[in-house]
Amino acid sequence: MKADYYETLGVARGADEKELKSAFRKLAMQYHPDKNPGDEKAEHKFKEIGEAYETLKDPNKRAAYDRFGHAAFENGGMGGGGGGFGGAGGFADIFEDIFGEMMGGGRQRRSGGRERGADLRYNMEITLEEAYAGKTAQIRVPTSITCDECSGSGAKPGTSPVTCNTCGGSGRVRAAQGFFSIERTCPTCHGRGQTIKDPCTKCSGQGRITEERSLSVNIPAGIEDGTRIRLTGEGEAGVRGGPSGDLYIFLSLKPHEFFQRDGSDLYCKVPISMTTAALGGQFEVATLDGTQTRVKIPEGTQNAKQFRLKGKGMPVLRQPAMGDLYIQIAIETPQNLNKRQRELLEEFERVSSQDNSPQSSGFFARMKEFFEGLSE
Ligand SMILES: [Zn+2]
Ligand SMILES: [Zn+2]
C-alpha cells in the first residue's frame, strides 16, 4: 500500500508550490542517502519523498493524483507507475534541481561541461639514506595541462563556445512520457551545455594538452615505506577550465645491504668469528649519519646477542627524535680447517669442561633425564 503523497511530504492537500518545495527540501536533506549511508529505510523514504514531490509539483500530475490517487499512474498508461523517477538517475536530477551547486562534490560535472582532471599516481623509489636525510626530488610527470592557446575553452582564439541549441545550455534534455518528463544527458553537447564551432587547433577542442612537467617534491626525513604524498592540484588539468586533479607520490624504500628498518629503529646483522666471540674484541660499524661507531664485544658473547647504539637509527618523522641501531651478533663457525687448526681445536676440546659451555652440557643432561623419564 502506497503512502499518500501529501502525507509523505507532511503538507495539507491545499499546500501551494512554495510549501511543497520547502517541505520536500527539508525531508530530502534529512533522508538523503549521503547522510544515511547503508540505511535502507532512509533510502526508501527518500525515494518516496522524491516521488511525491515530483508528482505534486507538476500541476497536471497533481490534478490527476487529486482525482484518481495512485491509480492515475498505474497500469503503464502514464509512464509506468513512477518508473520515470524510480531510478537513481531520476533522483539525483530532482535533487540537483533544488539544491544545485550546494551539494558540490561529485556533481561538479554538470557546471558547463567543466570536468575535474584525473588524479595521477607517481611511483618513487628512494634509498634508506635518502629517507634518513630527507630530500627534494625533481620529478617529471607526463600530464595534461590547460591549453595556453585557447585558455582551456577549446574554442579557436577569437571565437568562443556557444550555448548548445539542443538543450539551451543545461546539458540535459527532457523527454515527455505521459505525465512524466524524463531527463537525459544532451546528445548534442554530451552534457557540456556548450558546443564549439571552431575548435582550437592546438588541443583539438579539448581545452588541454599533454605535456611533461617538472615538479619538485619534498621528501621529509624519516619517511616510511608505502607513504603517499599528495600534491593538491598537480594532477591532470580539468576539462574546459575545470579544477585540476591531485598528484599522488607513492613512496617505496629500496632494500638496504646492511640495515633493516623497523619504524625508526634499524637492525644490522654483524657476523663475528668464533674466537672473537669467545675472547672478546671490537669492530667498527658505519652508521647513516656518516660516522663510524666502535662496538665492543665482551668475552663469551653468545650468538644473536644484541647491542643497542642509542640514537643511531632513523629520524622520527617530523619530530626531533631518533630511533636506535641494534647490532645483532651472528657467530660464524670456522670452516675449511687445516691440519694444525684441527689439532688445536681437538686439544681445546680435550681440556674443556662443562663450565666452558654450560648451556649445551646442561641441555644434553636434561634431555637424557627427559628421555629416561619417558621409557620408565
Ligand atoms: Zn586549445
Ligand atoms: Zn546540449
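Residues numbered from 1 in each chain as written. Chains lettered and ligands numbered in written order. Predicted model: local features only at pLDDT ≥ 70, side-chain atom pairs only at ≥ 80, totals over all residues. Heavy atoms only, no water.

### Side note on unusual backbone geometry
Positive phi is not limited to glycine here, since Ser204 has a value of about 55°. In this fold, Ser204 is placed in the loop between strand E6 (194-195) and strand E7 (208-219). Relative accessible area serves as the criterion here: at 57%, Ser204 is assigned to the exposed category. In the Ramachandran plot, Asn336 falls in the positive-phi region, its phi being about 50° despite a non-glycine side chain. Tracing the backbone through its elements, the reader meets Asn336 in the loop between strand E15 (325-332) and helix H9 (339-351). Here Asn336 falls in the exposed class, since its relative accessible area comes to 76%. (Helix = DSSP H or I, 4+ residues; strand = E, 2+ residues; numbered from the N terminus. Buried < 20%, exposed > 50% of the residue type's maximum accessible area, 1.4 Å probe, protein only.)

### Focus: the pairing of E15
Across eight bridges, the pairing between strand E11 (residues 265-273) and E15 is parallel. Paired with Val270 across the strands is Ile329, a residue of E15. Inspection of the sheet shows strand E14 (residues 306-309) paired to E15 by four bridges, in the antiparallel sense. Directly across from Arg308, in E15, lies its bridge partner Tyr326. (Pairing = 2+ DSSP bridges.)

### Side note on the coordination of the zinc ion (ligand 2)
Taken together, Cys164 (SG), Cys167 (SG), Cys186 (SG) and Cys189 (SG) make up the protein donors of the zinc ion (ligand 2), found 2.2 to 2.3 Å from the metal. Around the zinc ion (ligand 2), the four donor atoms sit at angles spanning 103 to 115°, and that spread fits a shape best called tetrahedral. Judged by relative accessible area, Cys186 falls into the buried class, the value being 1%. (Donors = N, O, S within 2.8 Å, 3.2 Å for Na, K, Ca; no water. Tetrahedral: all angles 85-135°; square planar, octahedral: opposite > 155°, others 65-115°.)

### Digging into the coordination of the zinc ion (ligand 1)
Coordination of the zinc ion (ligand 1) by the protein involves Cys147 (SG), Cys150 (SG), Cys200 (SG) and Cys203 (SG), with metal-donor separations of 2.3 Å. Coordination at the zinc ion (ligand 1) comes from four donor atoms whose angles at the metal span 103 to 116°, giving a geometry best classed as tetrahedral. Each donor residue of the zinc ion (ligand 1) lies on the same chain, and together they follow the pattern C-x2-C-x49-C-x2-C. One end of the pair, Cys150, is in the loop between strand E2 (135-146) and strand E3 (162-163); the other, Cys200, is in the loop between E6 and E7, and 50 residues separate them in sequence.

### A few points about the sheet that holds strand E10 (residues 259-262)
Strand order in the open sheet formed by four strands is E10-E11-E15-E14, and the pairing between neighbours is mixed. At either end of the open sheet lies a strand with only one pairing partner, and these are E10 and E14. Within this sheet the neighbouring strands show an average axis-to-axis angle of 30°, counted without direction. Relative to E11, E10 runs antiparallel, the two being bridged by four bridges. Pairing of Arg261 across the sheet is with Leu266, part of E11. (Axes fitted to C-alpha atoms, helices over the stretch in contact; angles between N-to-C directions.)

### What about the UniProt feature "repeat: CXXCXGXG motif" (unreviewed entry) in the protein chain?
Following the UniProt record, the feature "repeat: CXXCXGXG motif" (unreviewed entry) maps to residues 147-154, 164-171, 186-193 and 200-207 here. Within residues 186-193, the helical portion is 0% and the strand portion 0%, while the C-alpha atoms at the span's ends are 8 Å from each other. Helix makes up 0% of residues 200-207 and strand 0%, with an end-to-end C-alpha separation of 8 Å. (UniProt positions renumbered as here; feature names shortened; annotations may be inferred.)

### Overview of the side chain of Asp4
Mapped onto the elements, Asp4 comes out in the segment before helix H1 (5-9). Engagement of the side chain of Asp4 in a polar contact is seen with the backbone nitrogen of Tyr6, the distance being 3.0 Å. Asp4 has contacts with Arg13, Tyr65 and His70, leaving out every residue within four places of it along the chain. (Polar contact = N/O pair within 3.5 Å; in protein donor to acceptor, adjacent residues only side chain to side chain. Contact = heavy atoms within 4.5 Å.)

### Considerations on a nonpolar patch on the surface
A cluster of nonpolar side chains, Met274, Leu337, Leu345, Phe348 and Val351, forms an exposed patch at the surface whose accessible area comes to about 420 Å². In terms of residues, the nonpolar patch owes the most to one element, H9, which gives three residues. Structurally, Phe348 is set in helix H9. (Patch = residues over 30% accessible without salt bridge, like charges linked within 9 Å, V, L, I, M, F, W, Y side chains within 5 Å. Areas by Shrake-Rupley, 256 points an atom, 1.4 Å probe, with all protein chains shown as cover. Salt bridge = Lys/Arg side-chain N within 4 Å of Asp/Glu carboxyl O.)

### Here we look at the sheet that holds strand E8 (residues 228-231)
In spatial order, the strands read E1-E9-E8; together these three strands make up an open sheet with mixed pairing. Strands at the two margins of the open sheet, each flanked by one partner only, are strand E1 (120-126) and E8. Taken pair by pair, the neighbouring strands of this sheet meet at an average axis angle of 25°, ignoring direction. When E8 meets strand E9 (residues 247-253), the two strands line up antiparallel, connected through four bridges. Note on E9: the bridge partner recorded for Leu231 is Leu247.

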